[in-house]
Amino acid sequence: MAKINEAAMKKINDICDRYINEKTPLMMILSDIQKEYGYIPIEVQEIVSERTGISVAEIYGVVTFYSFFSLKPKGKYIIGCCLGTACYVKGAQQIIDKFSEILKVGPGETTEDGLFTIDALRCIGACGIAPAVTINGTVYPKMTVDQVAGVIEQYRSMEA
Amino acid sequence: MALINIKIEGQPYQVEAGLTILEAARQCGYDIPSLCTFNHGECSQGSCRVCLVEATGARGLVASCVYPIAEGMEIRISSPKAVEARRTSVELLLSNHNKNCQQCSKNGNCELLFAARQTGAREDVFVGDKTPVTIDQLNPSIIRDTSKCILCGRCVARCTAAHGNGILGFENRGFSTVVGPAGNRNFSDSPCLLCGQCVSVCPTGALMEVSEIAKVDAAFKAGKHVVVQTAPAVRAALGEEFGMKIGTPVTGKMVAALKRLGFAKVYDTNFGADLTIMEEATELLNRIKNNGTLPMITSCSPGWVNYAEYYYPDCLDNLSSCKSPHEMEGAIIKTYYAEKNGIAPEDIFVVSIMPCTAKKFEKDRPELSNNGLKDVDAVLTTRELGDLIKRSGINFNKLPDEEFDQDLVGTYTGAGVIFGVTGGVMEAALRTAYYVLEGKEYGNIAFTEVRGFEGVKEATLTLGGKELKIAVASGMKNAKPILDDIRAGKSPYTFIEIMCCPGGCVAGGGQPFVRPNLLPNEDIDILDTFKAKRANALYSEDERQTLRQSHNNPQVQALYKDFLGEPNSHKAHELLHTHYNKDRVRFN
């Protein structure tokens with residue numbers, strides 16, 4: 001528990017206050033915390049548990065059930081590779097593998113420098129432009145394996 | 001209650017409205033194979049699909065454990081379609097199961113194996129990935145093996161029903177789903193009370209106690225002077241391991257078996273219980289007299305002590321400083337008994353037979369030792385004692401009734417016997433407190449106000465001209481409001497008994513499994529009645545005793561005279577009292 005500073009503690013309690021009188025406040029609370037901090041570690045789940053009376057085990061279950069929630073901080077740039085049916089048949093697996101190969105992290109993981117997280121997504125509804133990749137909301141249509149290195153470089157150079 | 005008409009296998013029946021098909025069928029004499037459901041609705045997720053039947057008015061097959069009956073419904077259990085579907089459900093459950101059945105300690109009590117036999121699932125029809133194996137055996141009490149988990153959710157439901165915010169939950173999704181403490185942590189790194197209630201409902205070998213039989217074997221091999229003691233609740237349930245009806249007291253046969261197993265002495269933890277009462281009643285009266293911390297709460301239940309340390313570290317002063325009865329008895333065996341018999345304490349090995357898995361953890365607490373020697377060296381559950389007897393070739397049911405060893409620390413009173421049921425410690429303490437304050441025995445002996453299986457029981461008594469409000473709670477869910485009141489400084493009580501397991505030790509996590517489908521000769525409502533049946537075995541043993549108050553135990557009196565001085569003396573404090581840890585971390 002010691003890891004949470006006072007400001008964060010207050011913020012998390014404020015978020016809990018917003019929804020505490022709702023019938024089922026958990027999803028809303030978690031969703032706001034995820035938006036605010038980018039992840040929901042167990043120490044924060046303990047606070048939410050104390051405020052809502054919902055067990056940590058159950059909260060943990062919700063956090064790990066929905067891919068929107070994360071237990072660890074995510075990278076600055078979230079590379080979402082669609083692996084839905086249409087993208088998959090158009091070679092999405094090779095594309096996500098290429099991202100993994102260059103960034104040296106698997107799907108769901110974050111690079112050591114905290115810049116990139118690779119997310120494997122199910123259908124994002126952009127089958128017409130398969131295989132599709134999104135990076136922080138920017139869509140990269142009809143990706144090819146050869147373009148992957150260039151896209152990564154583009155973001156790295158923005159940081160340099 | 002409204003009755004409705006249904007048909008099962010073409011036969012007409014009238015049953016109570018509102019039941020599920022499974023419950024109605026049981027009442028009408030049918031036993032639909034089922035697995036995930038437990039005790040009408042305590043856990044009914046309909047997740048395992050083993051209880052599928054055909055019912056008119058429903059689309060396709062329905063899970064009978066969750067589907068309600070309706071007027072005119074016709075139910076088919078034995079139709080080819082239903083039979084085949086149930087078999088497929090079991091085959092699917094087996095397809096990713098770790099089927100090392102003969103090594104599994106649940107062998108003989110496994111409901112999955114039973115369902116497989118019942119439904120005829122014999123072949124590996126579906127071959128594929130297996131659930132990854134995570135084995136948590138870092139704590140001294142409970143082993144969790146995910147490769148045997150069928151995700152039925154019974155343990156989650158039981159942990160929550162007993163303790164409010166349970167520590168078990170489902171996590172991740174799809175094939176990676178596991179049931180465990182948050183983060184798939186081990187039990188030691190989470191605020192688990194180690195009570196074993198989850199073990200007592202797990203249908204497979206996914207949750208089991210840590211066996212200490214090998215430790216006992218090693219002690220015999222090493223030529224130790226091995227002394228055994230048995231908790232009160234064990235005698236009320238051990239017979240079930242040998243096919244006896246629930247509630248059959250087997251005190252005499254249990255003693256006979258232990259003597260044949262080679263234990264140097266067979267003692268009753270009831271002596272320790274009587275000693276606990278002497279110490280605890282004295283402590284209570286002193287706290288009242290000297291304006292000490294009140295209410296005082298009992299400290300016999302190690303699961304409860306774990307809960308207090310994890311969740312109410314600010315209330316630990318309210319706990320009695322008394323060690324639990326078997327720890328007291330162990331401490332006395334390794335000092336007083338050792339001295340009187342001229343045996344070196346380090347050569348003595350004390351084994352406790354307990355209805356409890358948390359006692360295994362308790363015995364390893366460093367504060368429960370004396371001169372670097374543990375008070376108790378090994379704890380076996382009632383089930384493990386059953387295993388020990390079975391492997392030794394003893395025909396338990398044919399044993400004669402024998403008596404506990406009676407020397408030094410052998411006598412016991414009825415007050416000690418009732419420790420095994422919720423309200424028992426309170427009642428035993430009141431019998432002695434009444435005597436101390438009023439100068440005479442309580443006329444009725446029994447304080448019936450504190451008997452029964454309600455989650456919280458309260459009573460007001462007049463003792464020594466003063467009104468005394470008391471409460472008895474079992475299950476941490478029931479204890480929580482009482483503790484919140486104490487924390488807020490507004491508790492109306494003077495003395496409180498808290499037991500971790502709902503119903504007390506008779507329903508402890510180390511007791512024989514109560515599985516209706518494996519017990520065809522028991523009543524269909526056995527899950528509702530087994531606690532009372534076991535409790536009655538204890539209350540009737542209490543009634544049979546000539547001595548029924550702890551202070552009248554002659555050897556307890558002699559122990560004080562020869563060795564301890566008086567209750568709460570310096571020596572008594574050294575050997576019989578303990579302290580608690582307010583710094584336990586819930587999640588590591």
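Residues numbered from 1 in each chain as written. Chains lettered and ligands numbered in written order. Predicted model: local features only at pLDDT ≥ 70, side-chain atom pairs only at ≥ 80, totals over all residues.

J.: Which parts of the structure should I look at to understand the overall build of chain B?
T.: Each helix and strand in chain B was counted, giving 19 helices and 20 strands. Taken over C-alpha atoms, the radius of gyration comes to 25 Å for chain B, in line with the 25 Å a tight globule of 588 residues would show. Within chain B, the proportion of its 588 residues that are buried is 52%. When contacts within chain B are restricted to residue pairs at least 6 apart in sequence, long-range pairs at least 24 apart make up 73% of them. (Helix = DSSP H or I, 4+ residues; strand = E, 2+ residues; numbered from the N terminus. Rg over C-alpha atoms; globule rule 2.2 N^0.38 Å. Buried ≥ 20, exposed ≤ 12 C-beta atoms within 10 Å, placed from the backbone. Contact = placed C-beta atoms within 7 Å.)

J.: Looking at this structure, how should I read helix α4 (residues 154-163) of chain B?
T.: Along an α-helix, residues three or four apart share an orientation, since each turn contains 3.6 residues. Residue and element names in this part refer to chain B. Within α4, 9 of the 10 residues are buried, which leaves it mostly tucked inside the rest of the structure. Within α4, burial applies to R154, C155, V156, A157, R158, C159, T160, A162 and H163. Residues of α4 that are buried in the fold lie against β8 (168-171), β9 (178-181), α5 (197-201), β10 (207-209) and α16 (476-487). Phi turns positive one or two residues past the end of α4, at G164, with a value near 75 degrees.

J.: It is not clear to me how unusual backbone geometry should be interpreted in this structure. Could you clarify?
T.: The bulk of non-glycine residues show a negative phi, and the bulk of peptide bonds are trans. Geometrically, the link from A130(A) to P131(A) is a cis peptide bond, its omega value of -10 degrees lying close to zero. Tracing the backbone through its elements, the reader meets P131(A) in the loop between β2 (116-121) and β3 (133-135). For the peptide bond that leads from L294(B) to P295(B), omega is -5 degrees, which places it in the cis range. Secondary-structure assignment places P295(B) in the loop between α9 (269-289) and β13 (296-297). With phi around 55 degrees, N291(B) is a residue other than glycine that occupies positive phi space. Following the sequence through the fold, N291(B) ends up in the loop between α9 and β13. The class of N291(B) is exposed, set by 7 C-beta atoms lying within 10 Å.

J.: Looking at this model, I keep getting lost on the sheet that holds strand β18 (residues 456-463) of chain B. Mind explaining?
T.: Where strands meet in a sheet, backbone hydrogen bonds hold them as pairs that are either parallel or antiparallel. All names here are of chain B. With respect to topology, 4 strands assemble into an open sheet ordered β13-β20-β19-β18, the strand pairing being mixed. A strand with exactly one partner marks an edge of an open sheet, and here the two such strands are β13 and β18. Helix-sheet contacts for helix α15 (residues 424-438) involve β18, β19 (466-474) and β20 (495-499), and the interaxial angle to β18 is about 10 degrees. (Pairing = 2+ DSSP bridges. Axes fitted to C-alpha atoms, helices over the stretch in contact; angles between N-to-C directions.)

J.: What's the story with the pairing of β20(B) in this structure? I'm lost.
T.: Within a regular strand, side chains alternate between the sheet's two faces. Residues and elements named next belong to chain B. Among the 5 residues of β20, 5 are classified as buried, and the element is accordingly described as predominantly covered. Burial along β20 is two-sided: F495, E497 and M499 and I496 and I498, pointing in opposite directions, are all buried. Sheet topology note: the β19/β20 ladder contains 5 bridges and is parallel. The partner of I470 across the bridge, within β20, is F495. Taken together, β19, α16 and β20 constitute a β-α-β crossover, and its handedness is right-handed. (Right-handed = clockwise from strand over helix to strand, strands pointing away.)

J.: Would you mind showing me how to read the sheet that holds strand β1 (residues 3-8) of chain B here?
T.: All names here are of chain B. With mixed pairing, 5 strands are arranged side by side in an open sheet as β2-β1-β5-β3-β4. Sheet topology places β2 (11-16) and β4 (62-63) at the edges, where each strand pairs with a single neighbour. Pairing of β1 with β2, which is carried by 6 bridges, proceeds in the antiparallel orientation. For I4, the partnering residue across the bridge sits in β2 and is V15. Here helix α2 (residues 80-95) sits on the sheet and contacts β3 (52-55) and β5 (74-76); the angle it forms with β3, its principal contact strand, is near 155 degrees.

J.: Looking at this structure, I do not really get the domain arrangement of chain A. What am I missing?
T.: As a measure of interface size, the accessible area lost when the parts come together is often cited. When cut into domains, chain A gives domain 1 (6-65) and domain 2 (77-159). The straight-line distance from the C-alpha centre of domain 1 of chain A to that of domain 2 of chain A is 30 Å. (Domains from an automatic or database assignment.)

J.: How should I be thinking about the confidence of the model for chain A in this particular structure?
T.: Where the model shows low pLDDT, its predicted coordinates should not be examined in detail. Counting all residues, the mean pLDDT for chain A is 91, and 99% of those residues have values of 70 or more. Element-level mean pLDDT values for chain A span from 91 in β2(A) up to 96 in helix α6 (residues 92-103) of chain A. (pLDDT = per-residue confidence, 0-100.)

J.: Please clarify how the packing of helix α3 (residues 42-52) of chain A against helix α4 (residues 56-65) of chain A should be interpreted in this entry.
T.: When two helices pack together, their arrangement is given by the angle between the helix axes and by the axis-to-axis distance. Residue and element names in this part refer to chain A. Packing of α3 against α4 leaves a shortest axis separation of 9 Å and a crossing angle of 125 degrees. Regarding the angle of α3 to α4, the classification is oblique. The chirality of how α3 crosses α4 is right-handed. Between α3 and α4, the contacting residues are Q45, E46, V48 and S49 on the first element and V56, I59, Y60 and V63 on the second. (Parallel < 35°, antiparallel > 145°, perpendicular 65-115°, else oblique. Left-handed = near helix turned anticlockwise from the far one by under 90°.)

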